[in-house]
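# Structural description and commentary
Listed below, chain by chain, are the residues.
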Amino acid sequence: MKALFFLRHYNDIDHITPVIAKWIERGHVCDIVMISKKRFDGDYRIEFLKKLEGVRIAHLRDLLSFVEFTKWRLQTILLVRSSYRSFFAPLVKGLARFYHAKRRKATWLHTTRYLLERSFPDGRKGVVVFDWIERNSEICVEWVETLVGIARNQGLGTVSLPHGDSPHASQLIRHGEWQLKPDTSFSAAGIFDKVVVPNELCAKRFRPFLDNQKLIVLGSPRYCEEWLAKLATLMPSSPLKRSDSRLKVVIFLRKANFTTFWEEVGEVVQLIAAFPDVELAIKPHTRGGWKQSLTKDVALRRLTNVTMVGDDIHSVHLLQWADVIIDLATSVAYEAIRTGKPVLAADYLHAGRSAAAVYMPETELRCRDDVYKKINEFLTNGYQSHYIESHRQQFIKEMLDVPGIDVLPHYVTLLESQAEGK
């Protein structure tokens, strides 16, 4: 069977690569079209996929002519909400009036027909796969709607796979979110035949807009045991060296559009750094993380036992290096929970309520005193008895292994059913 996968950024690569690998292991073939920045082409997971027999991978920029790609990219920028908040907003608005819907349609149709004919010549059956597509996605929803519509008319299946694991148990977590009501940005998912989510927390976002025939809960491809075991054999050697310090702590930050209480985050960094024999690494988010105020804090940068980690250091390397993870509601902490490494859910540092704290109240930090007590306890008594094991197992069962531990086979079975044609 044949599948056409579209990948954009790190999140897509993190969550969809395991599914692609299992698809190929089942004896199928696929095309992968990268529609992100070129720098992702050298990611170690992309390099792994390139070596698999039955995988054909290319960047959209290399498939289209310079003129065609420039038109596609320009039209995409014109329809992305963030373009209207930039310095070039007046220019963007002017170009948007020129590139009206009728004019845009010709470019969408051209790229769509070329890509579908390339992957599915002569009416061949198969399935087209994107990640979650939202109304405010960085990829243009209008183009995806065109591609999905034509694919469906050709008898191809269309599936939306996860690019996250819903680290928040609450809804109002971003700047400007003030009303508890269904978030219409998730309504775009209705263009697909099937939308897959890893757990019920994710499903709640989509349920107001999708029926149970479309919305499928299948567990976490990124954090299932099968993929983590495989990933350990693929990732490059870590550039991080283990020193003689007694406690190594990593803080993973969120994107700038999530409401974070940066002043208190800075205070917590200073508090932890004041403990003797502690090292602290701070990992900004891979998309826009360096725009956050904390990364520019001169006082923090002067601390000899605090490091701002660059994009060249993978999260998996930090998870290996760390003894303890402080989590601001990021799903990257789920790997640590899976393996039993201590995670501290610092919910008081942001506007949300984390899934980790809901399932495992023993992990929650509610004030600065809690931070001090936990760090001191780890230094004094170690960190082997951090979790209440029944809580951790419930988290794994309901957040990662749904409906069972055979996560990747369930994903491939779903894609196979859609690839068989309608």
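Residues numbered from 1 in each chain as written. Predicted model: local features only at pLDDT ≥ 70, side-chain atom pairs only at ≥ 80, totals over all residues. Heavy atoms only, no water.

## Focus on the domain arrangement of the chain
According to the domain assignment, the chain contains domain 1 (2–224 + 405–420) and domain 2 (239–400). Just the C-alpha atoms count here: the centres of domain 1 and domain 2 sit 30 Å apart. Each side of the interface is counted separately: domain 1 has 25 residues, and domain 2 has 26 residues. Both sides of the domain 1 and domain 2 interface together cover about 2100 Å² of buried area, and 53% of this is carbon and sulfur. Of all residues in domain 1, Pro 167, His 175 and Tyr 223 give up the largest surface area on contact with domain 2, accounting jointly for 29% of the area buried on that side. (Domains from an automatic or database assignment. Contact = heavy atoms within 4.5 Å. Buried area = accessible area lost by both parts, 1.4 Å probe.)

## Brief notes about the sheet that holds strand S11 (residues 324–327)
In space, the 5 strands of this open sheet follow the order S10-S9-S8-S11-S12, with parallel pairing throughout. Strands at the two margins of the open sheet, each flanked by one partner only, are strand S10 (306–308) and strand S12 (343–345). Averaged over all pairs of adjacent strands, the angle between strand axes in this sheet comes to 20°, irrespective of strand direction. Relative to S11, strand S8 (residues 247–252) runs parallel, the two sharing 4 bridges. In the sheet register, Val 250 faces S11, and the bridge partner there is Ile 325. Where helix H10 (residues 262–273) meets the sheet, its contacts fall on S8, strand S9 (278–283), S10 and S11, and the angle it forms with S9 comes to roughly 155°. Each of S8, S9, S11 and S12 touches helix H15 (residues 368–381); the most contacted strand, S8, lies at about 145° to it. (Pairing = 2+ DSSP bridges. Helix = DSSP H or I, 4+ residues; strand = E, 2+ residues; numbered from the N terminus. Axes fitted to C-alpha atoms, helices over the stretch in contact; angles between N-to-C directions.)

## Examining a positive patch on the surface
On the surface, Lys 37, Arg 39, Arg 61 and Arg 73 cluster together into a positively charged patch. One can find Arg 73 in helix H4 (residues 66–78). The class for Arg 73 is partly exposed, based on a relative accessible area of 39%. (Patch = residues over 30% accessible without salt bridge, like charges linked within 9 Å, V, L, I, M, F, W, Y side chains within 5 Å. Areas by Shrake-Rupley, 256 points an atom, 1.4 Å probe, with all protein chains shown as cover. Salt bridge = Lys/Arg side-chain N within 4 Å of Asp/Glu carboxyl O. Lys, Arg positive; Asp, Glu negative; His and termini not counted. Charge placed at Lys NZ, Arg CZ, Asp CG, Glu CD. Buried < 20%, exposed > 50% of the residue type's maximum accessible area, 1.4 Å probe, protein only.)

## Some thoughts on the packing of aromatic side chains
Tallying each qualifying case throughout the model produces 14 aromatic pairs. Aromatic side chains Phe 48 and Trp 227 sit 6.3 Å apart centroid to centroid with 50° between the ring planes, which places their arrangement in the tilted category. Highlighted residues: Phe 48 in helix H2 (residues 44–50) and Trp 227 in helix H9 (residues 225–234), separated in sequence by 179 residues. In this structure Phe 48 comes out as buried when scored by relative accessible area, which is 12%. Consider the rings of Tyr 334 and Phe 395, whose centres lie 4.9 Å apart with planes at 85°: the pair is edge-to-face. Residue Tyr 334 is found in helix H13 (residues 333–339), and its partner Phe 395 is found in helix H16 (residues 389–400); the two are separated by 61 residues along the sequence. Tyr 334 gets classed as buried once you look at its relative accessible area, which sits at 1%. By the ring-pair criterion, three or more aromatic residues cluster together here, those being Phe 6, Phe 69, Trp 72, Phe 130, Trp 143 and Phe 192. Directly above the ring of Phe 120 sits Lys 2, whose terminal nitrogen or CZ lies 5.8 Å from the centroid. The aromatic ring of Phe 258 is capped on one face by Arg 254, whose charged end is 4.0 Å from the ring centroid. (Phe/Tyr/Trp six-rings, centres within 6.5 Å; stacked < 30°, edge-to-face > 60°. Lys NZ or Arg CZ within 6 Å of the ring centre and 35° of its normal.)

## Considering H16
Between its first and last C-alpha atoms H16 spans 16 Å; for 12 residues at 1.5 Å apiece the expected length is 16 Å, and the two agree. Contacts made by the buried residues of H16 are with helix H8 (200–206), H13, helix H14 (355–359) and helix H17 (407–419). (Expected span 1.5 Å × (residues − 1).)

## Here we look at the pattern of salt bridges
In total, this model carries 24 salt bridges according to the counting rule given. Asp 31 is the partner of Arg 56 in a salt bridge, and the nearest nitrogen-oxygen pair spans 2.8 Å. With Arg 56 in strand S3 (residues 55–59) and Asp 31 in strand S2 (residues 29–34), the pair connects residues that are 25 residues apart, well separated along the chain. For Asp 31, a relative accessible area of 1% gives the class buried. A salt bridge links Arg 392 to Glu 389; the nearest nitrogen and oxygen atoms lie 2.8 Å apart. Of this pair, Arg 392 and Glu 389 both sit in helix H16, 3 residues apart, which is roughly one turn of the helix. In the salt-bridge network here, residues are joined through shared partners; they are Asp 14, Asp 43, Arg 45 and Arg 222.

## Things to note about the nonpolar core
Ranked by internal contacts, the top residues of the largest apolar core, which has 69 residues, are Phe 5, Trp 23, Cys 30, Ile 32, Leu 161 and Phe 395. Per-element accounting of this core gives the leading share, 8 residues, to helix H1 (residues 10–25). The residues that make up this core include at least three from each of domain 1 (2–224 + 405–420) and domain 2 (239–400). Excluding residues that lie within four positions of it along the chain, Trp 23 makes contacts with Met 1, Lys 2, Ala 3, Phe 5, His 28, Val 29, Cys 30, Val 127, Val 412, Leu 415, Glu 416 and Ala 419. Counting residues in each nonpolar core, the second largest holds 41 residues, with Leu 4, Phe 6, Leu 156 and Val 195 among its members. (Core = buried A, V, L, I, M, F, W, Y, C linked by side-chain atoms within 4.5 Å.)

## What to know about the environment of Thr 307
Here Thr 307 is to be found in strand S10. Relative accessible area serves as the criterion here: at 44%, Thr 307 is assigned to the partly exposed category. When residues no more than four places from it in sequence are discounted, the contact partners of Thr 307 are Leu 280, Ala 281 and Ile 282.

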